[in-house]
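Here is how the chains run, residue by residue.
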Amino acid sequence: MELRQLRYFLAVAEELNYGRAAKKLLIAGPSLSQQIKSLERDLGVRLFDRDRRSVALTAAGASLLPYVRDVVERAENLRRRAAGVVALEPVRLGYVNWLPPDLLGRTSTVAQVLLDTWVAPSHTQAQRVAEGGLDLAVCWLQTHDLARLELNAALIGADRLHAVSAGRTTGAIQACDTDILVDDDAAMWSSWNTFAEEFARASGARIVSISDSGITGPAFFEHVRRSRRPVINSPKGQTTPMPQDLIRRPVIAPEPCWTWSLVWRLSESRPGVLAVVDLLTGDRPAAIHAADTWLPAADPFHQ
């Protein structure tokens, strides 16, 4: 016998009408009748007396009814308990420096999300997801990275990169008239270096090699002060307060755009993890749709 058949038996016992029971169960009347007959064969007893006008429980059916109701209730309790376990099982999420607004508040209804305290570069966080150290990560990856690590990716954010320069000119600057920094520490700045080098080839921006991790922070501003050209800011510096002697300028022709992906394993099957993915992913950020937007050729969201 099947649990589904026991539920069918309860519905007919409660309604004492096959038509109403079938409507309640959202199945066809003949199918319900066949399932009841199959249950009777499995149990070896007749459960209902039925004629053209009425349906009634047999003595055997009435005797078994409380036991069937108990089995179905236990099954429902088991399902609810399992759902509670899934909801309590933590989902580990790593990131680089950006997260969607109110992430913990938004996801609290579907899972317990634990933000990993080790803030690491994109390639490191992606590797941790692939190896099982994290369930999810917000990072920057290319299509070949996803294939190699066997990861899924969904776009959840995008940053339009700007330039920073000395002086008072606030107007837009063409990309070919900017500098873009590349750091010798590939272990730390691998993703940014890849992005910067491809942007320079595509736009004519000038690469400036550094060795002091000055891609962001106070060291970045010192590079800007020493440069005669505006310097493109990295996504890690998007929200850093601007010193009073420097200004932010839009970059055009083209406008560089950095995408943030939510990544998870292709083999992932945990309902809590997949529920967080569904909740956080949606429409593409408008920033990547503009005509002058530039994305690397292997960006997962390149059109």
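Our subject is the structure listed above.
Presented here is an overview of the structure given in this document.

## Details of the pattern of salt bridges
Part 1 of the argument: What the rule picks out here adds up to 18 salt bridges.
Part 2 of the argument: Where aspartate 70 meets arginine 74, a salt bridge forms, and the shortest distance between an N and an O atom there is 2.9 Å. Here aspartate 70 and its partner arginine 74 are both found in helix H4 (residues 59-88), four residues apart, which amounts to about one turn of the helix.
Part 3 of the argument: Judged by its relative accessible area of 57%, arginine 74 falls in the exposed class.
Part 4 of the argument: With a closest N to O distance of 2.8 Å, arginine 229 and aspartate 179 form a salt bridge. One end of the pair, arginine 229, is in the loop between helix H9 (218-226) and strand E11 (231-232); the other, aspartate 179, is in strand E9 (residues 179-183), and 50 residues separate them in sequence.
Part 5 of the argument: Owing to a relative accessible area of 2%, aspartate 179 belongs among the buried residues under this scheme.
Part 6 of the argument: Three or more residues joined by partner-sharing salt bridges are found here, namely Arg92, Asp135, Arg265, Glu268 and Arg270.

## Points about the packing of aromatic side chains
Part 1 of the argument: Enumeration according to the criterion identifies twelve aromatic pairs in this entry.
Part 2 of the argument: An angle of 50° between the planes, with centres 5.5 Å apart, marks the rings of phenylalanine 9 and phenylalanine 48 as tilted. In this pair, phenylalanine 9 is assigned in helix H1 (residues 3-15) and phenylalanine 48 in strand E1 (residues 48-50), connecting sequence segments 39 residues apart.
Part 3 of the argument: For phenylalanine 9, a relative accessible area of 1% puts it in the buried group.
Part 4 of the argument: Relative accessible area serves as the criterion here: at 4%, phenylalanine 48 is assigned to the buried category.
Part 5 of the argument: Between tryptophan 192 and phenylalanine 195, the ring centres sit 5.6 Å apart and the planes meet at 20°, which makes this aromatic pair stacked.

Cut-off values and rules
- All residue numbers refer to positions counted from 1 along the written sequence of the respective chain.
- Totals for whole chains, interfaces and linings use all residues, but because this is a predicted model, local features are given only for residues with pLDDT of at least 70 and pairs of side-chain atoms are given and counted only at 80 or more.
- Hydrogens and water molecules were not included; the side-chain quantities draw on all heavy atoms of the structure.
- Any carboxyl oxygen of Asp or Glu that lies within 4 Å of a side-chain nitrogen of Lys or Arg is treated as forming a salt bridge with it.
- Secondary structure elements are taken from DSSP: a helix is a run of H or I of four residues or more, a strand is a run of E of two residues or more, and numbering for both begins at the N terminus.
- Think of it in three bands: residues with accessible area under 20% of the maximum for their type are buried, residues over 50% are exposed, and the middle band is partly exposed, with areas taken using a 1.4 Å probe on protein chains only.
- Side-chain rings of Phe, Tyr and Trp (the six-membered ring for Trp) are treated as a pair once their centres are within 6.5 Å; stacked means planes under 30 degrees apart, edge-to-face means over 60, and tilted covers the remaining angles.

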